[in-house]
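Fold and geometry: a report
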Amino acid sequence: MTQTATEFPPEQHWREALAEGRFLLQRDPVDGEYYFPPRLASPGGGLLEWVEAAGLGTVYSTTVVRVRPPAEPYNVALIDLAEGARLMSRVEGIAAQDVTIGMPVRARITEQDGGPVLVFHPA
């Protein structure tokens, strides 16, 4: 089911969907372009619809964030989604330094600090 972006504030709608276990993206119904982060309208001013994301992507860029022990280092990665949008997240399930550019990944919704977070795992 699709919904227009104006039914709820876009960021709120996206976060509520994550809380329900759904990863949504916005798409322009005219040209088929996908957008992230959530927004009220396309760059051309048209309404956007919400659609389920495939959840597949590729690591475009990654960096390791080293923190004071005993905390483990973690990565911050830019992920190119199969739909064409790019977002920032992290890749879990492997050591931070083992995340590589070009690595295929799959989205997963997890909990952090009492709320849903979108992360990725090697595909």
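Residues numbered from 1 in each chain as written. Predicted model: local features only at pLDDT ≥ 70, side-chain atom pairs only at ≥ 80, totals over all residues. Heavy atoms only, no water.

- An unreviewed UniProt entry lists the protein chain under the name ChsH2 C-terminal OB-fold domain-containing protein, from Allopontixanthobacter sediminis.

1. Here we look at the overall build of the protein chain
- Check the secondary structure of the protein chain and you find one helix and eight strands.
- Traced from its N-terminal end to its C-terminal end, the protein chain shows the element sequence α-β-β-β-β-β-β-β-β.
- Taken along the three principal axes of its C-alpha coordinates, the protein chain extends 45 × 30 × 20 Å.
- Within the protein chain, counting contacts between residues at least 6 apart in sequence, those at least 24 apart form 49% of the total.
- Taken as a whole, the protein chain presents about 7100 Å² of accessible surface, with 53% of it coming from carbon and sulfur.
- If the 10 positive side-chain charges of the protein chain are averaged to one point and the 16 negative ones to another, these points end up 7 Å apart. (Helix = DSSP H or I, 4+ residues; strand = E, 2+ residues; numbered from the N terminus. Contact = heavy atoms within 4.5 Å. Areas by Shrake-Rupley, 256 points an atom, 1.4 Å probe, with all protein chains shown as cover. Lys, Arg positive; Asp, Glu negative; His and termini not counted. Charge placed at Lys NZ, Arg CZ, Asp CG, Glu CD.)

2. Section: the pairing of strand β7 (residues 104-112)
- Here strand β4 (residues 56-65) pairs with β7 via three bridges, running antiparallel. Each residue of the ladder has a partner; that of Thr-58, found in β7, is Pro-104.
- The pairing of β7 with strand β8 (residues 115-122) spans eight bridges and is antiparallel. Opposite Arg-108, over in β8, you have Val-119 as the bridge partner.
- Counted between consecutive antiparallel strands, the loop separating β7 from β8 contains two residues, among which Asp-113 sits at a positive phi close to 50 degrees. (Pairing = 2+ DSSP bridges.)

3. Notes on the side chain of Ser-89
- As for its placement among the helices and strands, Ser-89 is situated in strand β6 (residues 86-89).
- Take Ser-89: its relative accessible area is 11%, and that puts it in the buried class.
- Polar side-chain contacts of Ser-89 include one of 2.7 Å to the backbone oxygen of Leu-118.
- Ignoring any residue separated from it by four or fewer positions in sequence, one finds Ser-89 in contact with Asn-75, Val-76, Ala-77, Leu-118, Val-119 and Phe-120. (Buried < 20%, exposed > 50% of the residue type's maximum accessible area, 1.4 Å probe, protein only. Polar contact = N/O pair within 3.5 Å; in protein donor to acceptor, adjacent residues only side chain to side chain.)

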